[in-house]
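Survey of secondary and tertiary structure
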Amino acid sequence: DKLSKTDEELLQKYSRTYFLNENFIPMRLSKINNRYVMPDKKDLYFHGNGVKFLEDMLDDAKDAGFDIRIISAYRSFDEQTDLKGQYTQIYGSGSNAFSADQGYSEHQLGTTVDIVDMDTRTTSDSFANTEAYKWLVDNAYRYGFVLSYPENNAFYIFEPWHWRFVGVDLARDLHRADAQFYEWDQRKIDGYLIKIFD
């Protein structure tokens, strides 16, 4: 019963590995409170069962002295199509190094966010040099988040801003093993789905 109420796609490996159906929409989406969002962004959404984990992480980061904000969250298949089209017009095939094709973006899952601080304010490598990023590296797993595209990953450029919710148990075990989400066997990862929102 618990699994039947959980999107089976949430722990699949996308990013050029699996295709996410164009009709997929998370079972529950909740609007992220604007206090967690960059001032020039509005109406960003996250998976309704995971939004509390996201808010707890951002609240604790703020208590630690880091004002980090969401700059991008859930994107529909069509939104990703439009975004990829814009990047392709500007960067040509170079856009493939940092932007997923529609159906291969983790953002469509509703459990992925792009996080920046109030100094960098944009998705750039410079975020990796901030104390806020270091706080995330040391603590995000406690709230169920992992960095999808660390340095030298097989899919995209290093994206210090791109964090995916995979559940506290899986994030903790990846952290303890000093492993990346995309390095683990899918069958092993699937065992964590039943408790992703615990």
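As the structure is a computational prediction, the values presented were derived from the model and not from experiment. (Residues numbered from 1 in each chain as written. Predicted model: local features only at pLDDT ≥ 70, side-chain atom pairs only at ≥ 80, totals over all residues. Heavy atoms only, no water.)

Residues Ile25, Leu29 and Tyr45 make up a contiguous nonpolar surface patch of about 250 Å² in total accessible area. Looking at the secondary structure, you find Tyr45 in strand β2 (residues 45-47). (Patch = residues over 30% accessible without salt bridge, like charges linked within 9 Å, V, L, I, M, F, W, Y side chains within 5 Å. Areas by Shrake-Rupley, 256 points an atom, 1.4 Å probe, with all protein chains shown as cover. Salt bridge = Lys/Arg side-chain N within 4 Å of Asp/Glu carboxyl O. Helix = DSSP H or I, 4+ residues; strand = E, 2+ residues; numbered from the N terminus.)

Next up on the list: the pattern of salt bridges. Tallied over the full model, the rule gives 12 salt bridges. A salt bridge links Asp198 to Lys2, with the nearest nitrogen and oxygen atoms 2.9 Å apart. You can see Asp198 sitting in the segment after α5 (186-190) and its partner Lys2 sitting in the segment before β1 (29-31), a full 196 residues away along the chain. Looking at Asp198, the relative accessible area reads 52%, which means it is exposed. Under the relative-accessibility criterion, Lys2 is labelled partly exposed at 41%. It is possible to trace a salt-bridge network through shared partners that takes in Asp169, Arg172, Asp173 and Lys195. (Buried < 20%, exposed > 50% of the residue type's maximum accessible area, 1.4 Å probe, protein only.)

The next point concerns the pairing of strand β3 (residues 68-72). Two faces, one strand: in a regular strand the side chains alternate between the faces of the sheet. Taking burial as the measure, the 5 residues of β3 include 5 buried ones, the bulk of the element. Here 4 bridges tie β3 to strand β4 (residues 112-117), and the two strands are oriented antiparallel to one another. When the sheet's bridge partners are listed, Arg69 is paired in β4 with Val116. (Pairing = 2+ DSSP bridges.)

Here we take up the side chain of Asp117. For Asp117, the location among the structural elements is in strand β4. For the buried Asp117, no salt bridge exists, and the shortest N-O distance to an oppositely charged side chain is 7.7 Å, to Arg121. In terms of polar contacts, Asp117 uses its side chain to reach the side chain of Thr120, at 2.6 Å. What Asp117 contacts, discounting residues up to four positions off in sequence, is Asp67, Ile68, Phe127, Thr130 and Ala132. (Lys, Arg positive; Asp, Glu negative; His and termini not counted. Polar contact = N/O pair within 3.5 Å; in protein donor to acceptor, adjacent residues only side chain to side chain. Contact = heavy atoms within 4.5 Å.)

With that out of the way, let us pick up the sheet that holds strand β5 (residues 145-147). Reading across from one edge, β3-β4-β6-β5 is the order of the 4 strands in this open sheet, with antiparallel pairing throughout. Looking at the sheet topology across the chains shown, the edges are occupied by β3 and β5. Geometrically, the sheet is characterised by an average inter-axis angle of 45° between neighbouring strands, direction not taken into account. The strands touched by helix α1 (residues 51-63) are β3, β4, β5 and β6 (162-165); relative to β3, the strand with the most contacts, the crossing angle is about 140°. (Axes fitted to C-alpha atoms, helices over the stretch in contact; angles between N-to-C directions.)

With that settled, the discussion passes to the environment of Pro39. Position of Pro39 among the secondary structure elements: in the loop between β1 and β2. Measuring from C-alpha to C-alpha, the distance between Pro39 and Ile70 comes to 9.5 Å, with 31 residues separating the pair along the chain. Residues in contact with Pro39, not counting those within four places in the same chain, are Arg69, Met118 and Arg121.

It is worth spelling out the environment of Asp185 at this point. Tracing the backbone shows Asp185 in the loop between α4 (168-176) and α5. Sequence-wise, Asp185 and Lys13 are 172 residues apart; in three dimensions their C-alpha atoms are separated by 9.7 Å.

Okay, the confidence of the model for the protein next. Of all residues in the protein, 85% have pLDDT values of 70 or greater, and the mean over the chain is 88. Within the model, the stretch residues 95-99 combines pLDDT values under 50 with 19 contacts to residues more than four positions away or in other chains. (pLDDT = per-residue confidence, 0-100.)

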